[in-house]
Amino acid sequence: MLFTRKTFLILTVFLIFITGLRLTVLHFEKTIKHPIAKKGTLDLRGWEFPKSSTITLDGEWEFYPYNMITTEKSSALTKKRYLQVPGKWDKAFPADDKNSFKYGTYRLQILLDKNIQHHLELRINEIRSASAIYINGHLSAKIGNPANKEGLNEARSVPYSIPLPTDTNNIEILIQASNTGEKGGITQSLHFGTIEAVTNRTLLSIGLQILLCGVFLVHGIYAILFYFIGKYQKGVLYFALTMICATFSVLVADDKLLFVWFPMPFEISIKIALLSYIGIAAFLPLIVKHMFPVYKNKKVLFWFEVYCIVYSLFVLGSPSQYIVPTEKVFLGGVLIIGIILSGSILKFAFKQTQDVIYLLLGCLSLAANICWLIIRDIGSFEMMHYPFDLMFSVIAFAMFWFKRFLRSTNQTKELADKLQLVNQHKDDFLVNTSHELRNPLHGIMNIAQSLLDDTIREKNKNQYDKLKTQITIARRMSLMLDDLIDINRLNQGTIHLRIGSLHLQSIVKGVTEMVRFMFEKKPVSIITDIDDGFPAIKADENRLIQIFFNLLHNAMKYTEEGTITIRASYENETAYIDIEDTGIGMDEETQKRIFLPYEQGNMNKTNHEGGFGLGLSICKQLVELQGGNIDVTSAPNQGSIFSFTIPLETDVEHMNENYFTMNHFETAATIADQTESNSDVESSSKLNKPKILAVDDDSMNLKVIMNILGTNYDITVVTNASDAMSTIKAKQYDLIISDVMMPHISGYELTQYIRKQFSVSELPVLLLTARNRTEDIIAGFQSGANDYVTKPVDSIELKSRVKALIDLKLSIKERLHMEAAWLQAQIKPHFLINTINSIAALGYYDMEKMQRLLQEFTNYMRASFDFHNINGEVSIEKELDLVRSYLFIEKARFGERILINWELSENLNFYLPPLSLQTLVENAVSHGILKRSNGGEIFIKITETANEIEIMVKDNGVGMEQMKIVEVLQNPLNISKGIGLRNTNRRLKNMYGQGLVIQSSIGNGTTVSFKIPK
């Protein structure tokens, strides 16, 4: 990221702000002007001590190396030297002194005015590393144990305060100090002033340090929470550890609050301080690295961390006399390398990261703090603890992190919105795809089924098995498509329930028959254990069937052999239904997720291919929508028990009569009596009405059927399949309307019984079903049904389907009658007699012509009774041979009364319905030209074009009226006239969509033609 003018301006303003703030605080500390100690004396006579500020005892102090002085009368006072305070005491010792343990005494005399009204106090910040203070010859305070021998020295260094006497105008301060190492003595300024001023300054310094620690701890705590709540990101953990180390680094510096609150040996305090600094330097590059994983030189970072770990182990395991002398080199190296590495990583981040301005502000604050520390050490002047630079730095980095988090959250939200949109598109795609796949999938099923049912082409067992497998897979895919559509409707809340009273036995019976059809070859038996007097339940019939089907289908899927048992009980207005199988079972983990979408059991333990895993999820949602719940109990290799609840029907007014055993036969009798009374009133009109038998265990449905169909049909109603079977044996019907879900004997079983006696055309069956899913429809058609109607019944749909099936039955009757008449009409008795007489007559005078006539007659008879005529089409060559034989016979009989003209296109090669051209020619001869005394002429023309073939037969016979043409072609009741033309016309329409075209008038002959498209 390049520095823009705006970025540069912000950084400049911020730098001016933090520098100005620092200078303001520094100026505030230096506003009190006071004398500087000179040659061991600080003259404060005439000085007015302010209550709000302190003064420092900086200046030249007397120093007595290797002397522990306790009084001003000591003989060692003659060996005094002058030493700048604060500062190093190395110059006070001989240059060739190689002893690491040093000790000495500082002395300062303060001159005051008499009768000072204020209580004064002295604040010591740091004296290394053990000290004792004598005021006017009396021991006032002691930290550690300063001694003149190293073995007796006890190091401890914490800030402390000492009250000063006010009853004298001359205060002598003697400070004994001892230390092992180079930097000993008074290293920081001593503050002097009123108790109020010293206390205020001390509390202010402590407060600022606690404030900074609070900032560090807050950031550290929320980082730890993010780490454990989130995904255990290492960068967040490193940040938390850095904040903890930074907190310790504040607590061990300046007022050394940690050691004040928790006194501990000097050895441990040194280790804690160094480890806190090492931790900051070690974790900082790791934080930056995980924030910006763009730094490629991982080896340098790795070896730096190794160096930090080794140095930390050295600090932990070594005594202070080895640690302190090496801290400048080792700790300085850690800090410098850590800062350089962090800066190197940030350099890459500046080029690629958004919101880099926060990083720049944080780095600028950190750099300012480091610079001021360097200036303080080089300039050797006192500054109160200043936390704002580090606070600004942490806050800036936190703002960057929060900005990134907010951006990530927004991106996550946007991504979630996009994912929801994509998920919606996915659902729409699946639904649309499911709808689009239905047609080709059903096409595949139909083609495979047609090949399977083809009896003309032989198939070996391998081909047969493959076709069965293909159909099975296609049906399974159809079920999966239905599940996809249902789960989408459930997710969108578009499932509409029709809650009503239902007979549980009827539902279970119908579904079990449906499942048996699908798994007819599997050695699994379904056992139903439901009492006949089980009360009505309150549910949606269609969805309850779907629940049972999915559960039974799932049980069949995971049960290779054994039993599936359906049980039902009720208690406290709730029905409890269990479906138990002896299948492979499932473990606890599978049970927890089995009702989730797209989840399945262990497919490795079954030979059945898996689906989408939506069936049980759909069951759960459908059960809950109807006020129930579902659960599973299972164990591996011990089967499964799926249990669900459905409310019982508690409103008696909404219960159907058939749910009460006592009223069951009364209802049936009542409907039967109504039917008989209607029959008595309209007995004469019902003699010609089609007869329908309606079967349903719900009397309300029977009443609905009677109200819809009663005026046009003769309807008989029964309320169970057993009565229907008896009624069918005693009486003939044109149509059976049966409900699918009936107790004891289902509609499927009733249809199978009917098909054992009647074909689909002899007695059509219309099933009433609550569902129109593929598996229901297939089960119905496989049992032998002709059609189905979904409940609740639509009157127009029911009337249309009933009419279509009745018309089918009547048309089959008519067709059988017409075909018999048509076959009889092909060769009329007088034609045979006259032809035989002609052959006999020719035998007396023209044997050769007789033989020719006999040969053509033989050809004609053979062609007329050819079994190929029952096929849909014959070749034009065979049809023309038949016509020529017929015309030769008629020509021999009638001679010059018949003239024939042909106009045929060359190389004719097409197929047409059998006897179609011969019928036209015979009609032209018999009903056209031979009706005239002089006979006439017949013109036969076949014209072939690019798109069609036109066949025309024209005669100049007697012709006919227009009414006669309509009667011949359209009157199906009068089968004594025009059977040949009418039959040919119907066959042509069925095959080509267009029939005969007849043009005729009285005395002008007739032209009959038809066209065959290519």
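Residues numbered from 1 in each chain as written. Predicted model: local features only at pLDDT ≥ 70, side-chain atom pairs only at ≥ 80, totals over all residues. Heavy atoms only, no water.

Trainee: Give a description of the packing of aromatic side chains that names residues and reports values.
Mentor: Any two aromatic rings considered together are summarised by their centre-to-centre distance and by the angle between their planes. Overall, the coordinates contain 18 aromatic pairs when judged by the stated rule. Taking the centre distance of 6.0 Å and the plane angle of 40° together, the rings of Phe101 and Tyr103 count as tilted. An aromatic cluster is built from Trp61, Phe63, Tyr66, Trp89, Phe93, Phe101, Tyr103 and Tyr106, whose rings are joined through pairwise contacts. Its guanidinium or amino end placed over the ring of Tyr82, Lys39 lies 5.0 Å from that ring's centre, counting from NZ or CZ. Of note, Lys102 hangs over the ring of Phe93, and the distance from its end group to the ring centre comes to 5.9 Å. (Phe/Tyr/Trp six-rings, centres within 6.5 Å; stacked < 30°, edge-to-face > 60°. Lys NZ or Arg CZ within 6 Å of the ring centre and 35° of its normal.)

Trainee: Could you give an account of a nonpolar patch on the surface, with specific residues and numbers?
Mentor: Among the surface-exposed residues, Ile224, Phe228, Tyr232, Ile244 and Phe248 lie close enough to one another that they form a single nonpolar patch of about 470 Å² accessible area. Counting through the fold element by element, Phe248 comes out in helix α3 (residues 234-251). (Patch = residues over 30% accessible without salt bridge, like charges linked within 9 Å, V, L, I, M, F, W, Y side chains within 5 Å. Areas by Shrake-Rupley, 256 points an atom, 1.4 Å probe, with all protein chains shown as cover. Salt bridge = Lys/Arg side-chain N within 4 Å of Asp/Glu carboxyl O. Helix = DSSP H or I, 4+ residues; strand = E, 2+ residues; numbered from the N terminus.)

Trainee: Now, about the environment of Lys149: what can you tell me, with residues and values included?
Mentor: With respect to the helices and strands, the residue Lys149 is situated in the loop between β9 (138-143) and β10 (160-164). Among the residues examined, Lys149 registers a relative accessible area of 55% and is labelled exposed. Separated by 29 residues in the primary sequence, Lys149 and Ser178 have C-alpha atoms spaced 9.0 Å apart. (Buried < 20%, exposed > 50% of the residue type's maximum accessible area, 1.4 Å probe, protein only.)

Trainee: Talk me through the pattern of salt bridges; I want residue IDs and the actual numbers.
Mentor: As enumerated under the stated definition, the model contains 18 salt bridges in all. In this structure, the salt-bridge partner of Arg45 is Asp43, at a minimum N-O distance of 3.0 Å. The class of Arg45 is exposed, set by a relative accessible area of 51%. The class of Asp43 is partly exposed, set by a relative accessible area of 33%. Between Lys1011 and Glu948 there is a salt bridge; the shortest N-O distance is 3.5 Å. Here Glu948 lies in strand β30 (residues 948-955) and Lys1011 lies in strand β32 (residues 1006-1013), a separation of 63 residues in the sequence. For Glu948, a relative accessible area of 26% puts it in the partly exposed group. Taken together, the shared-partner salt bridges connect Glu62, Lys80, Arg107 and Glu172 into one network.

Trainee: Got a sec to walk through the nonpolar core? Specific residues and values, please.
Mentor: Among the nonpolar cores identified, the biggest contains 76 residues, and Leu504, Val511, Ile537, Leu544, Phe548, Leu551 and Phe644 are the most heavily contacted of them. Among the elements that take part in this core, helix α12 (residues 541-557) stands out by supplying nine residues, more than any other. Not counting residues up to four positions away in its chain, the partners in contact with Leu551 are Ile579, Leu616, Cys619, Ile630, Phe642 and Phe644. Judged by nonpolar contacts, the second largest core, of 65 residues, contains Tyr160, Ile171, Tyr227 and Val236. (Core = buried A, V, L, I, M, F, W, Y, C linked by side-chain atoms within 4.5 Å. Contact = heavy atoms within 4.5 Å.)

Trainee: Describe helix α19 (residues 747-755), listing the residues and the values that go with them.
Mentor: Along α19, seven of the nine residues are buried, which leaves the element largely enclosed by surrounding structure. Of the residues making up α19, those classed as buried are Gly747, Tyr748, Leu750, Thr751, Tyr753, Ile754 and Arg755.

Trainee: Go over the sheet that holds strand β13 (residues 190-194), please, and point to the residues and values.
Mentor: Strands belonging to one sheet form pairs held by backbone hydrogen bonds; the direction of such a pair is parallel or antiparallel. Read from one edge to the other, the open sheet built from four strands follows the order β2-β13-β6-β10, with strand pairing classed as antiparallel. The open sheet is flanked by β2 (55-56) and β10, the only strands paired with a single partner. Summarising the sheet, β2 and β13 pair through two bridges and their orientation is antiparallel. For Ile55, the partnering residue across the bridge sits in β13 and is Phe192. Relative to the sheet, helix α2 (residues 195-229) contacts β6 (120-124), β10 and β13, its axis offset from that of β13 by approximately 130°. (Pairing = 2+ DSSP bridges. Axes fitted to C-alpha atoms, helices over the stretch in contact; angles between N-to-C directions.)

Trainee: Mind laying out the sheet that holds strand β21 (residues 691-695), listing which residues take part and the relevant values?
Mentor: Here we have five strands laid out as an open sheet, ordered β22-β21-β23-β24-β25, and parallel in their pairing. Two strands in the sheet have a free side with no partner beyond their single neighbour: β22 (714-718) and β25 (787-790). Adjacent strand axes in the sheet meet at a mean angle of 20° when their direction is disregarded. In this sheet, strand β24 (residues 765-769) lies alongside strand β23 (residues 735-739) in parallel orientation, the contact comprising four bridges. From the neighbouring strand, Ser738 faces β24, where its bridge partner is Leu767. Sitting on the sheet, helix α17 (residues 699-709) touches β21, β22, β23 and β24, and the angle it makes with β22 is about 180°. Strands β21, β22 and β23 of the sheet are contacted by helix α18 (residues 721-730), whose axis makes an angle of about 160° with β21.

Trainee: I'd like a description of the packing of α18 against α19, backed by residues and values.
Mentor: The contact between α18 and α19 brings their axes to 10 Å, and the two run at 20°. Overall, the two elements α18 and α19 adopt an arrangement that is roughly parallel. Here α18 runs over α19; the crossing is right-handed. When α18 is examined against α19, the residues Ala721, Ala724, Met725, Ile728 and Lys729 are found in contact with a partner set consisting of Leu750, Tyr753 and Ile754. Residues belonging to the contact of α18 with α19 are distributed by class as follows: seven nonpolar, no polar and one charged. (Parallel < 35°, antiparallel > 145°, perpendicular 65-115°, else oblique. Left-handed = near helix turned anticlockwise from the far one by under 90°. Nonpolar A, V, L, I, M, F, W, Y, C, P; charged D, E, K, R; others polar.)

So far we have only geometry, and geometry alone does not tell us how the molecule works.
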